[in-house]
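# Close look at the chain arrangement
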Amino acid sequence: MKGLTVRWSLADAPQGVEAELATYVEGTSHAKFTGMSDLRFKTWRMRAGEWFEGCYVFATDEARAAFQETFAAGAAEAPGSVIIGSAPVLIEPCDVVAVAEGWDGFTPVARDEG
């Protein structure tokens with residue numbers, strides 16, 4: 001599976017940026033990627049005060065390359081960059097070796113407060 005990691009540093013981001021990012025993902029970004037053609041799944045990860053990251057898994061090399069090219073060209077103006085106040089520090093393709101679904105199953109949610 002063809003992965004892509006996009007990571008922003010939160011080291012110099014404004015106070016409260018984590019809540020703003022979570023609200024953006026819940027209200028806008030989650031819907032944008034749900035059902036997206038050629039995308040198997042996307043996860044959003046964050047370590048408060050350290051980093052915010054989007055992890056994408058695409059169906060094909062071509063789909064990943066096309067998304068990466070388009071994203072990289074406008075990365076500094078991407079919504080995450082605008083919210084954080086800086087461009088991503090990493091845009092890195094990778095291979096996802098495997099995905100396992102646990103007993104409790106997979107729940108596609110826009111925001112999990114728990």
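Residues numbered from 1 in each chain as written. Predicted model: local features only at pLDDT ≥ 70, side-chain atom pairs only at ≥ 80, totals over all residues. Heavy atoms only, no water.

Looking at an unreviewed UniProt entry, the protein carries the name Monooxygenase, with the source organism given as Nocardioides salarius.

## Points about the sheet that holds strand 1 (residues 2–9)
Which entries qualify depends on this criterion: Between any two strands, pairing holds if DSSP finds at least two bridges. Helix and strand labels come from DSSP, where a helix needs a run of H or I of at least four residues and a strand needs a run of E of at least two; each type is numbered from the N terminus. Orientation is described by lines fitted to C-alpha atoms, with helices fitted over the stretch in contact, and by angles between N-to-C directions that extend from 0 to 180 degrees. The contact criterion used is simple: two residues touch if any of their non-hydrogen atoms lie within 4.5 Å.
The strand order 2-3-1-4 describes an open sheet built from 4 strands, whose pairing is antiparallel. Looking at strand neighbours, the two that pair on one side only are strand 2 (39–47) and strand 4 (90–95), the edges of this open sheet. In this sheet, neighbouring strand axes are inclined to one another by 15° on average, regardless of whether the strands run parallel or antiparallel. Relative to strand 2, helix 1 (residues 17–33) is tilted by about 175°, and along the sheet it contacts strand 2 and strand 3 (51–58). Across the sheet, helix 2 (residues 61–73) is in contact with strand 1, strand 3 and strand 4; its angle to strand 1 comes to roughly 20°.

## Some thoughts on the nonpolar core
Note the cut-off: Think of a nonpolar core as a cluster: buried Ala, Val, Leu, Ile, Met, Phe, Trp, Tyr and Cys residues, connected wherever their side-chain atoms sit within 4.5 Å. Each residue's exposure class comes from its accessible area (1.4 Å probe, protein chains only) as a fraction of the maximum for that residue type: buried when under 20%, exposed when over 50%, partly exposed otherwise.
Within the largest apolar cluster, 21 residues are counted, with the highest numbers of intra-cluster contacts made by Tyr56 and Ile84. Listing elements by their share of this core, those giving two or more residues are strand 1, helix 1, strand 3, helix 2 and helix 3 (79–84). With 5 residues, the top contributor of residues to this core is helix 1. Discounting chain neighbours no more than four positions away, the residues touching Tyr56 are Lys2, Gly3, Leu4, Val6, Phe33, Leu39, Phe41, Lys42 and Phe67.

## What to know about the packing of aromatic side chains
Filter applied, for reference: Here a Phe, Tyr or Trp ring, Trp counted by its six-membered ring, pairs with any other such ring whose centre lies within 6.5 Å, and the pair is stacked when the planes are under 30 degrees apart, edge-to-face when over 60, and tilted otherwise.
Applying the stated rule across the entire model yields 9 aromatic pairs. Ring plane angle 70° and centroid distance 5.6 Å describe the contact between Phe33 and Tyr56, whose orientation is recorded as edge-to-face. Separated by 23 residues along the polypeptide, Phe33 in helix 1 and Tyr56 in strand 3 bring together distant segments of the chain. Here Phe33 and Tyr56 have matching classes, each one buried. Ring centres of Phe33 and Phe67 lie 6.2 Å apart, and the angle between their planes is 70°; on these two criteria the pair is classed as edge-to-face. Of this pair, Phe33 sits in helix 1 while Phe67 sits in helix 2; the two residues are 34 residues apart in sequence, bridging distant segments of the chain. For Phe33, a relative accessible area of 8% puts it in the buried group. With relative accessibility at 15%, the residue Phe67 sits in the buried group.

## Describing unusual backbone geometry
Despite not being glycine, Asp38 shows a phi value in the positive range, around 70°. Take Asp38: it is sitting in the loop between helix 1 and strand 2.

## Concerning the environment of Val6
Inspection of the secondary structure puts Val6 in strand 1. Residue Val6 is classed as buried on the basis of its relative accessible area of 1%. Distance from Val6 to Ala110, taken between C-alpha atoms, is 18 Å for residues 104 residues apart in sequence. Beyond its immediate chain neighbours, meaning those up to four positions away, Val6 contacts Phe52, Glu53, Gly54, Tyr56, Phe71, Pro88, Leu90 and Ile91.

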